[in-house]
Amino acid sequence: MSTLSPMPCIIIAVAGASASGKSLIASTVHRELCDELGCEEIGIISEDCYYKDQSHLDFATRVQTNYDHPNSMDRDLLIRHLKALKAGQAVDIPKYSYVEHTRMQEVTHFEPKKVIILEGILLLTDERVRNEISLSLFVDAPLDICFIRRLKRDMQERGRSMESVIEQYRKTVRPMFLQFIEPSKQYADIIIPRGGKNRIAINMLKAQILHLLGKK
Ligand SMILES: Nc1ncnc2c1ncn2[C@@H]1O[C@H](COP(=O)(O)OP(=O)(O)O)[C@@H](O)[C@H]1O
Ligand SMILES: O=c1ccn([C@@H]2O[C@H](COP(=O)(O)O)[C@@H](O)[C@H]2O)c(=O)[nH]1
């Protein structure tokens, strides 16, 4: 039996409101660290891939789901995957459709990496997830700015009407942010104001990742 120990795996969590700039921060850091580490050593996982499968429900029912409540996530699967990656095992991550509001048939095969950037609104609300994380960030953009960004994005990319974005925002997105996401900021190691283009914060994050890897 092999006694080789798995390579170290650093998991960075990027949390914050919907459309605060989490994906933009994650993709910028990923792109810029690819050059220094090699692209096979760093990857991004979106918490949204771990929304519960809803293929057994009709579309009208799926639209009514509260996607901003912690119970909408398949946490057990996320934790299993994080533990497997840390143990040096590859995982098959579900693909999720925001248009259909459910999992798709396909999965993304994801090999273990030295650095994984995990981004999602509800990550820091869960103690079991927090326990798997080496460093956590909270992107702290003003809610009105987030709403404007979300309105544009959801109409352009997620097949929504203006009325549906406004209704969902009033019914679940804003209340769940205030109840669960905002309070989870207390668990962040670093708070990033404004959003995805905060250059100083991005540089600090890159330097911290390299430091955790013993590179600088
Ligand atoms: N600081 C910023 N200035 C301008 N636009 C931004 C900024 N941060 C993010 N955005 C834009 O806002 C939208 C939502 O950002 P995104 O990173 O997808 O948010 P999240 O992943 O938090 O939901 C995207 O179109 C993104 O390009
Ligand atoms: O089926 C779904 C699943 C999620 N949502 C919304 O997505 C955001 C989270 O994604 P971000 O990229 O962080 O904005 C969350 O606020 C849910 O409301 C959805 O509308 N439908």
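Because the structure is predicted, anything quoted here is derived from the model rather than measured.

## Side note on the state of the cysteines
Part 1 of the reasoning: Applying the stated criterion to the full structure yields 1 disulfide.
Part 2 of the reasoning: With no disulfide partner, Cys-49 has as its closest neighbouring cysteine sulfur the one in Cys-9, 16 Å distant.
Part 3 of the reasoning: Classification of Cys-49 as buried rests on a relative accessible area of 18%.

## Description of the site of ligand 1
Part 1 of the reasoning: Around ligand 1 there are 13 residues in total, and Ala-19, Lys-22, Ser-23, Leu-24 and Arg-153 lie nearest to it.
Part 2 of the reasoning: Contact between ligand 1 and Lys-22: an oxygen atom at 2.7 Å from a side-chain N or O atom of the residue.
Part 3 of the reasoning: A distance of 3.1 Å is found between a nitrogen atom of ligand 1 and a backbone nitrogen or oxygen belonging to Gly-196.
Part 4 of the reasoning: For ligand 1, whose free accessible area comes to 560 Å², the fraction covered by protein is 72%.
Part 5 of the reasoning: Elements represented by at least two residues in the shell around ligand 1 include exactly α1 (22-37) and α5 (143-157).
Part 6 of the reasoning: Ranked by residues supplied to the shell around ligand 1, first place goes to α1 with 3 residues.
Part 7 of the reasoning: Residue composition of the shell around ligand 1, by class: 3 nonpolar, 6 polar and 4 charged.

## So, the sheet that holds strand β5 (residues 115-119)
Part 1 of the reasoning: Taken in spatial order, the 5 strands make up an open sheet running β2-β5-β1-β6-β7, and their pairing is parallel. Each edge of the open sheet is held by one strand with a lone partner, namely β2 (42-46) and β7 (190-193). For this sheet the average axis-to-axis angle between neighbouring strands, irrespective of direction, equals 20°.
Part 2 of the reasoning: Against the sheet, helix α7 (residues 199-212) makes contact with β1 (10-16), β5, β6 (135-140) and β7, and its axis sits at roughly 175° relative to β6, the strand it touches most.

## Side note on the UniProt feature "domain: Phosphoribulokinase/uridine kinase" (unreviewed entry) in the protein
Part 1 of the reasoning: UniProt tags residues 11-200 as "domain: Phosphoribulokinase/uridine kinase" (unreviewed entry).
Part 2 of the reasoning: Summarising residues 11-200: 39% helix, 22% strand, and an end-to-end C-alpha distance of 21 Å.

## Focus: the site of ligand 2
Part 1 of the reasoning: With respect to spatial proximity, 17 residues lie near ligand 2, and among them Ser-18, Asp-68, Tyr-96, Arg-150 and Arg-153 are the closest.
Part 2 of the reasoning: Here an oxygen atom of ligand 2 sits 2.9 Å away from a polar atom, N or O, in the side chain of Asp-48.
Part 3 of the reasoning: Within the side chain of Arg-153, a nitrogen or oxygen atom sits 2.8 Å from an oxygen atom of ligand 2.
Part 4 of the reasoning: Relative to its unbound accessible surface of 470 Å², ligand 2 loses 99% to contact with the protein.
Part 5 of the reasoning: Those elements that place two or more of their residues in the shell around ligand 2 are α5 and α6 (162-181).
Part 6 of the reasoning: For the shell around ligand 2, the class distribution of residues is 7 nonpolar, 3 polar and 7 charged.

## Some words on the pairing of strand β4 (residues 102-110)
Two faces belong to every sheet, and in a regular strand the side chains alternate between them.
Part 1 of the reasoning: Summarising the sheet, strand β3 (residues 91-97) and β4 pair through 6 bridges and their orientation is antiparallel. Of the residues in β4, the one forming a bridge with Pro-94 is Val-107.
Part 2 of the reasoning: The hairpin turn running from β3 into β4, its antiparallel successor, is 4 residues long, and His-101 in that turn takes a positive phi close to 60°.

## Some points on the packing of aromatic side chains
Centre-to-centre distance and the angle between the planes together describe a pair of aromatic rings.
Part 1 of the reasoning: What the rule picks out here adds up to 4 aromatic pairs.
Part 2 of the reasoning: A centroid spacing of 5.2 Å and a plane angle of 40° characterise the contact between Tyr-51 and Tyr-96, whose relative ring orientation is tilted. One end of the pair, Tyr-51, is in the loop between β2 and α2 (59-63); the other, Tyr-96, is in strand β3, and 45 residues separate them in sequence. Across this residue pair, the class does not change: Tyr-51 and Tyr-96 are buried.

## Points about the side chain of Gln-168
Part 1 of the reasoning: With respect to the helices and strands, Gln-168 occurs in helix α6.
Part 2 of the reasoning: Looking at Gln-168, the relative accessible area reads 17%, which means it is buried.
Part 3 of the reasoning: Not counting residues within four places of it along the chain, the set of residues in contact with Gln-168 comprises Tyr-67, Asp-68, Arg-150, Arg-160 and Val-173.

## Regarding the UniProt feature "binding site: ATP" (unreviewed entry) in the protein
Part 1 of the reasoning: Mapped onto the present numbering, the UniProt feature "binding site: ATP" (unreviewed entry) falls on Gly-16, Ala-17, Ser-18, Ala-19, Ser-20, Gly-21, Lys-22 and Ser-23.
Part 2 of the reasoning: Within the secondary structure, Ala-17 sits in the loop between β1 and α1.
Part 3 of the reasoning: Apart from residues lying up to four places away in sequence, Ala-17 is in contact with Lys-22, Ile-121, Val-139, Leu-143, Cys-146, Phe-177 and Ile-181.
Part 4 of the reasoning: Its relative accessible area of 15% is what places Gly-21 among the buried residues.
Part 5 of the reasoning: Non-local contacts of Gly-21, meaning those with residues more than four positions away in its chain, are made with Val-139, Arg-149 and Gly-196.

What counts and how
- For every chain, the first residue of the written sequence is number 1, and numbering continues from 1 along that sequence.
- Written order decides the labels, with chains lettered from A and ligands numbered from 1.
- The predicted origin of the model limits local features to residues at a pLDDT of at least 70 and limits the giving and counting of side-chain atom pairs to 80 or more, whereas totals for whole chains, interfaces and linings rest on all residues.
- Only hydrogens and water are set aside; all other atoms, that is, all heavy atoms of the structure, feed into the side-chain values.
- Our working definition of a disulfide is a cysteine sulfur pair at a distance within 2.5 Å.
- Think of it in three bands: with a 1.4 Å probe and only protein chains considered, a residue is buried below 20% of the maximum accessible area for its type, exposed above 50%, and partly exposed in between.
- We call a residue near a molecule or strand when any one of its heavy atoms sits within 4 Å of it.
- Between N or O atoms, a polar contact is any pair within 3.5 Å; within protein, one atom must be a potential hydrogen donor and the other a potential acceptor, and residues adjacent in sequence are included only when both atoms are from side chains.
- Computed with a 1.4 Å probe, the accessible areas rest on the Shrake-Rupley method; for each residue, only the protein chains presented here act as cover.
- Here a strand is any run of E in DSSP of at least two residues, a helix any run of H or I of at least four, and the numbering for each starts at the N terminus.
- Three classes are used, and their members are as follows: Ala, Val, Leu, Ile, Met, Phe, Trp, Tyr, Cys and Pro are nonpolar, Asp, Glu, Lys and Arg are charged, and the others, Gly among them, are polar.
- A pair of strands is treated as paired once DSSP finds two or more bridges between them.
- To obtain each axis, a line is fitted to C-alpha atoms, and for helices this fit is confined to the stretch in contact; angles are then taken between N-to-C directions over 0 to 180 degrees.
- Note on contacts: a residue pair is in contact if any heavy atoms of the two residues lie within 4.5 Å.
- UniProt positions are given in the numbering used here, feature names are shortened, and annotations may be inferred rather than shown by experiment.
- Two aromatic rings, drawn from Phe, Tyr or Trp (for Trp, its six-membered ring), form a pair once their centres lie within 6.5 Å of each other, and the interplanar angle then sorts them: stacked below 30 degrees, edge-to-face above 60, tilted otherwise.

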